[in-house]
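Coordinates in review
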Amino acid sequence: MGIDPDVAASARADGVQKQRTRRRRQEILEVASQTFATRGFYNASLAEIADEVGISAAGILHHFKSKDQLLTELLHHRDMADIEEAGHGHGLRGLEFLHHLVDTAARNATRPGITQLYTVLSAESVTTDHPAQEWFRARYDGLRAMVTEALADARDIGELRDDADIAETATAIIAVMDGLQIQWLLAPGTVDMEAVTRRTIDALIAALAPDED
């Protein structure tokens, strides 16, 4: 029995519509990312995002129920990209993983839009009832746990002293990397995130290295 031509045509139309919807959502997310990065979440409006996309604010609300949901989807989109990139460091342990963080700093210097978005929203997230506050709290918890685990691995295989304070060291590494992003965004021609991240990690590791016999 052959396929009903009307059914086939309807299926093709549905497929085309879904592709258009995906492209439109992606376009909205890209524009929202640029707008939130340059103006912040609170100062940016759906109207200006819609104007840049070429649709109405109601058109955005057709795809995202609210400005808060748009931000949530945007952060989820970034999460997926970060998870894919994190795969490059999969399987690395101890100091190898810490040196992989230098590659992360170098990569951030090639994507100023995403770096600025993260910096602006993370600063805003400390304000009361910010919709991204829980996302950033969970993100920092996860980052500290990841770096602490790498330091623990380094300690367990003898690369660091047994009494090394790995929790504080993990917090310091993350603080330096995030602080560097602010300085780099303000003076990209002056601040070298990759070099300073490498120097900081090397200095911290040297301070925690086992005593030579």
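Whatever comes next refers back to the structure up there.
A brief look at the structure comes next.

About the cut-offs
- Residues numbered from 1 in each chain as written.
- Predicted model: local features only at pLDDT ≥ 70, side-chain atom pairs only at ≥ 80, totals over all residues.
- Heavy atoms only, no water.
- Helix = DSSP H or I, 4+ residues; strand = E, 2+ residues; numbered from the N terminus.
- Buried < 20%, exposed > 50% of the residue type's maximum accessible area, 1.4 Å probe, protein only.
- Areas by Shrake-Rupley, 256 points an atom, 1.4 Å probe, with all protein chains shown as cover.
- Salt bridge = Lys/Arg side-chain N within 4 Å of Asp/Glu carboxyl O.
- Core = buried A, V, L, I, M, F, W, Y, C linked by side-chain atoms within 4.5 Å.
- Contact = heavy atoms within 4.5 Å.

This part covers the overall build of the protein chain. Each helix and strand in the protein chain was counted, giving 9 helices and 0 strands. Seen in sequence order, the protein chain has helices and strands lined up from the N terminus as α-α-α-α-α-α-α-α-α. For the protein chain, buried positions account for 36% of its 213 residues. Element-wise, carbon and sulfur atoms account for 53% of the exposed surface of the protein chain, whose accessible area totals about 12500 Å².

What follows deals with the pattern of salt bridges. One side chain can pair with another of opposite charge once the charged atoms of both are near each other. Here the structure, examined in full by the defined rule, presents 9 salt bridges. A salt bridge links E134 to R137; the nearest nitrogen and oxygen atoms lie 2.4 Å apart. Of this pair, E134 and R137 both sit in helix 7 (residues 133–156), 3 residues apart, which is roughly one turn of the helix. Given a relative accessible area of 52%, E134 falls into the exposed group. Looking at R137, the relative accessible area reads 40%, which means it is partly exposed.

Moving on, we come to the nonpolar core. Within the largest apolar cluster, 25 residues are counted, with the highest numbers of intra-cluster contacts made by L98, L101, V147, L151, L160, I173 and I201. Contributions of two or more residues to this core are made by helix 5 (94–108), helix 7, helix 8 (166–186) and helix 9 (193–207). Top element by residues in this core is helix 8. It accounts for 7 residues. Look past the residues within four positions of L160 in its chain and what remains in contact with it is L151, A154, R155, I205, L208 and P210. Among the nonpolar cores identified, the runner-up in size contains 24 residues, and I28, L29, F64 and A132 belong to it.

On to unusual backbone geometry, then. Look at D129: it is not a glycine, yet its phi comes out positive at around 65°. If you trace the backbone, D129 turns up in the loop between helix 6 (112–124) and helix 7. A residue is classified by how much of its surface remains accessible, and D129, at 69% relative accessible area, is exposed.

What is shown is where atoms sit, not what they do.
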